[in-house]
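Listed below, chain by chain, are the residues.
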Amino acid sequence: MAPLNESQWSFLHLVGRRVVPPLANLDDAGRARFRTIIANALAERPPGVRAQIRAFLTLLRLAPLLRWGRTFSQLPGERQDRFLRWLQDEAPARLRQGFWGLKTLLFMGYYGQAELGASFAYTPSPTGNEYLLA
Amino acid sequence: MREHTFDIVIIGSGAGGGAAAKELAPLCREGARIAVLEWGPRLAEHEYTGRETEMAGRLYFESGGVFTRDRTMTLAFGRAYGGSTVVYTGTSLMIPERPVKRWGVPGLTWEDLRRRSLKYIRENNVHLLEEERLNDNNRLFQAACERLGFRVEQFPINVKGCKGAGLCNLGCPNAAKQGTHRVQLPAAEAQGVQVITNCKVQRIEGRGVLRAVVEERSFGLPSPWEPGEHLVRARVVIVAGGAVHSPALLLRSGLGRQLPALGRYFTAHPALILVGEHPRSITNYYGHPKSFYCDHFAERGFLLETCMYFPFVTAKNLIGFGEEHAQLMHRMDRLQMILVLALDEALPDNRVTLDRAGEPVVEYRFSEPVLEALLESMKVSARIFFAAGAQRVHAPAGEKFLIERHEQDHLDELITRRRLQPGRISIASAHLMGGCRMGASPADSVTDSWGQVHGVPWLYVADSSLFPNCAEINPYVTIMAFADRVAEAVRARWREV
């Protein structure tokens, strides 16, 4: 069973662009790698964890209705950020932990792409000492 | 189901299992049949690619992100031919006298552990890296500590032909790190010990009977045994699956009823990563990543170490998101990093237990002294970054994402207990200890000082789960010294069991 359905993937991308802005600049290959990395990470987690991530995405989508009368997707970017910051810093522990887990997946999907290393000034070498001894 | 019979079976091939295998291997000449059952894969050399997510998936349980029950800490531990010695940085310290005295285990002396540790320090080529191979990330830490009057020491490391890939935590792509996968296990195999990879031991059923399953994987060399279920009989069983899986296996096998301390007194050296940004590019991911440590504050409950992590691990340890996070991440070549480790007391309620499926769950609560130590360690680290010339610092418990250089006199207001909320910040551990602690009595320990499980003469433990309390240093050499003791006991007793 796929870890997320199409609608969940598309919502994850939407949240992802607030958490990791350069995600918006990925080309098709980068977006495919983003999905593969996250799908693999979810696949190796226990089923309960996958279910929690799906439930957290639903909550994230709908919770702003209570405060602003609009879903997360309908909020302007600045307000989306404010809501995410509340989840990170002020929300009850379970929600904080849920957001931490979601952020971790998004960071993994983007910064886990070795192909992007040069864009964030990370170009390791198997013979790194050559750079020290040069 | 296939059946196999051995004299000695070792479960796990890391620092403990690998060292025990090598020490017992000479018994093969006397006709002893010895096997090591390792859950993880044995990678072919070309499979050490250095790619972060790929290698994390191949070499760590859950890619290095196993959660504690309340999801406030992630645990990183290896699963491979060589266990966690494949993925550590090779730092090889002799345990100081103080913690061993504090443990107070009858029959276990610091002199004995020191003697055995020295053997592995020689055997695994432990030495100090030459000065010209120290990168800026390490030199800046050393110089700043000295400037501030903090005691700072160089880490001895166990490398041979290190080319400075800086990828130690992803498995060295140059085969330089001298873990048990390079030293003890090949030596044991050469003497006749069989190593069965991809083999998970599910439970111990009665006297020396193990139920195991060999798994198929899309990477690594094929296991010597066919995929599927296997029944393994042995006269002596040595459990060396690490501080999570050894207690879990013994709990699954029903030993918790007679050993109330089983799984308990788990300690982890909870750790945080701090980042300082320099105004220019520094050498940080070239060269060995971990050359210095500062134990100046050990009495106050924490250690500081140099470190250099990979992009994803760095990103998840920066507490924040959005533009400011992305901007800092896009200057990886300017980042200096410090790892802080809290010295956490072994508490009975911090423990490994089982879920309904029999899989391990780690219950861990941060004590107030640990949280205080983490808070203090962040302030000290920030001082070190600024003394090293950093422009700005990210501290996980910062009131702001970045503390600027001109704010360095206000660290007490800018790094606060209010922000140090477990579940908000990324606390991780790679030094998992306890759960099968050594001791004199089955009331509060699991094994005697030679690793024999209380009341079970054919069952031993030889790994990090033996620590009665935290090691206060990187624990690998001490684990090998423990395993050496266990092997000595088994050599003396295996025929009569």
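This one's a predicted model, so the numbers in the text were calculated from it and none came from an experiment.

**Quick notes on the overall build of chain B**
Piece 1. In terms of helices and strands, chain B carries 12 helices and 19 strands.
Piece 2. Over its C-alpha atoms chain B spans a radius of gyration of 22 Å, differing by no more than 12% from the 23 Å that the globule rule assigns to 497 residues.
Piece 3. Principal-axis analysis of the C-alpha atoms places the extent of chain B at approximately 70 × 45 × 45 Å.
Piece 4. Within chain B, buried positions represent 67% of all 497 residues.
Piece 5. In chain B, of all internal contacts separated by at least 6 residues, the share reaching a separation of at least 24 is 75%.

**Notes on the pattern of salt bridges**
All names here are of chain B.
Piece 1. All told, the structure shown has 51 salt bridges over all chains when counted by the stated rule.
Piece 2. Arginine 182 is paired through a salt bridge with glutamate 45; the nearest N and O atoms lie 2.7 Å apart. You can see arginine 182 sitting in the loop between strand E5 (153-154) and helix H6 (184-190) and its partner glutamate 45 sitting in the loop between strand E2 (34-37) and helix H2 (52-59), a full 137 residues away along the chain.
Piece 3. Relative accessible area serves as the criterion here: at 44%, glutamate 45 is assigned to the partly exposed category.
Piece 4. Where glutamate 376 meets arginine 300, a salt bridge forms, and the shortest distance between an N and an O atom there is 2.8 Å. Placement of the pair is glutamate 376 in helix H10 (residues 368-387) and arginine 300 in the loop between strand E11 (292-294) and strand E12 (302-306), with a sequence separation of 76 residues.

**Re the interface of chain B and chain A**
Piece 1. If you look at the interface, chain B gives 52 residues, while chain A gives 42 residues.
Piece 2. Counting each side, the surface lost to burial between chain B and chain A is near 4100 Å², with a carbon and sulfur contribution of 57%.
Piece 3. Taken as a group, Tyr286, Phe321 and His330 of chain B account for 19% of the area that chain B buries against chain A, more than any other trio of residues on that side.
Piece 4. Counting the contacts that link chain B with chain A gives 4 salt bridges.
Piece 5. Notably, a salt bridge pairs glutamate 115 of chain A with arginine 51 of chain B, separated by 2.8 Å at the nearest N-O pair.
Piece 6. Taken together, chain B and chain A are joined by 22 residue pairs in polar contact (both at pLDDT 80 or more).
Piece 7. Contributions of two or more residues to the side of chain B that touches chain A are made by H2, helix H8 (311-317) and helix H9 (323-329) of chain B.
Piece 8. It is H9 of chain B that provides the largest number of residues to the side of chain B that touches chain A, a total of 5 residues.

**Brief notes about the domain arrangement of chain B**
How big an interface is tends to be reported as the loss of accessible area on association of its parts.
Residue and element names in this part refer to chain B.
Piece 1. Splitting chain B by domain gives domain 1 (2-125 + 168-266 + 432-493) and domain 2 (129-156 + 271-343 + 367-421).
Piece 2. Each of domain 1 and domain 2 has a C-alpha centre, and the two are 32 Å apart.
Piece 3. Contacts between domain 1 and domain 2 engage 15 residues on the former and 17 residues on the latter.
Piece 4. Between domain 1 and domain 2, roughly 1300 Å² of surface is buried when both sides are summed, and carbon and sulfur atoms account for 60% of that area.
Piece 5. Sorting the residues of domain 1 by area buried against domain 2 places Glu52, Leu93 and Arg98 first, and these three jointly supply 35% of that buried surface.
Piece 6. Between the two partners, domain 1 and domain 2, sit 1 salt bridge.
Piece 7. Across the pair glutamate 299 and arginine 98 runs a salt bridge, and its minimum N-O distance is 2.8 Å.
Piece 8. At the boundary of domain 1 and domain 2, one finds 5 residue pairs in polar contact (both at pLDDT 80 or more).
Piece 9. Across the side of domain 1 that touches domain 2, the residue classes break down as 5 nonpolar, 7 polar and 3 charged.

**Some remarks on the pairing of E12 of chain B**
Residues and elements named next belong to chain B.
Piece 1. E12 sits mainly inside the fold: 5 of its 5 residues count as buried.
Piece 2. Residues Phe302, Leu304 and Thr306 line one face of E12 and the alternating positions Leu303 and Glu305 line the opposite face, and both faces are buried.
Piece 3. Relative to E12, E11 runs antiparallel, the two being bridged by 2 bridges. The partner of tyrosine 293 across the bridge, within E12, is glutamate 305.
Piece 4. Where E12 lies against strand E13 (residues 335-342), 5 bridges are found, and the strand directions are antiparallel. Of the residues in E13, the one forming a bridge with leucine 304 is valine 340.

**A few points about the packing of helix H1 (residues 6-19) of chain A against helix H3 (residues 47-62) of chain A**
Relative placement of two packed helices is described by the angle separating their axes and the distance separating the axes.
Residue and element names in this part refer to chain A.
Piece 1. Look at H1 against H3: their axes get within 11 Å of each other, and the N-to-C directions meet at 65 degrees. The hand of the H1/H3 crossing is left-handed. Contacts from Ser7, Gln8, Phe11, Leu12 and Val15 of H1 reach H3 at Arg54, Leu57, Leu60 and Arg61.
Piece 2. Along the lines of polarity and charge, the residues of the contact of H1 with H3 split into 5 nonpolar, 2 polar and 2 charged.

**Let's talk about the packing of aromatic side chains**
Residue and element names in this part refer to chain A.
Piece 1. Enumeration according to the criterion identifies 24 aromatic pairs over all chains in this entry.
Piece 2. On the basis of an interplanar angle of 85 degrees and a centroid distance of 6.3 Å, the ring pair of tryptophan 68 and phenylalanine 83 is categorised as edge-to-face. Linking tryptophan 68 in helix H4 (residues 64-68) with phenylalanine 83 in helix H5 (residues 77-89), this pair joins segments that are 15 residues apart in sequence.
Piece 3. Given the relative accessible area of 7%, phenylalanine 83 is considered buried.
Piece 4. When the ring of tyrosine 111 is compared with that of phenylalanine 120, the centres are 5.1 Å apart and the planes differ by 65 degrees; the resulting orientation is edge-to-face.

**Structural notes on the pairing of strand E14 (residues 351-354) of chain B**
For a regular strand, side chains alternate in direction, first toward one face of the sheet and then toward the other.
Residues and elements named next belong to chain B.
Piece 1. Looking at chain direction, E14 and strand E15 (residues 360-363) are connected through 4 bridges and run antiparallel. The residue bridging threonine 353 from the neighbouring strand is valine 361, located in E15.
Piece 2. Joining the antiparallel neighbours E14 and E15 is a turn of 5 residues, in which glycine 358 adopts a positive phi near 85 degrees.

Here is what the cut-offs are and how they apply
- Residues numbered from 1 in each chain as written.
- Chains lettered and ligands numbered in written order.
- Predicted model: local features only at pLDDT ≥ 70, side-chain atom pairs only at ≥ 80, totals over all residues.
- Heavy atoms only, no water.
- Helix = DSSP H or I, 4+ residues; strand = E, 2+ residues; numbered from the N terminus.
- Rg over C-alpha atoms; globule rule 2.2 N^0.38 Å.
- Buried < 20%, exposed > 50% of the residue type's maximum accessible area, 1.4 Å probe, protein only.
- Contact = heavy atoms within 4.5 Å.
- Salt bridge = Lys/Arg side-chain N within 4 Å of Asp/Glu carboxyl O.
- Buried area = accessible area lost by both parts, 1.4 Å probe.
- Polar contact = N/O pair within 3.5 Å; in protein donor to acceptor, adjacent residues only side chain to side chain.
- Domains from an automatic or database assignment.
- Nonpolar A, V, L, I, M, F, W, Y, C, P; charged D, E, K, R; others polar.
- Pairing = 2+ DSSP bridges.
- Axes fitted to C-alpha atoms, helices over the stretch in contact; angles between N-to-C directions.
- Left-handed = near helix turned anticlockwise from the far one by under 90°.
- Phe/Tyr/Trp six-rings, centres within 6.5 Å; stacked < 30°, edge-to-face > 60°.

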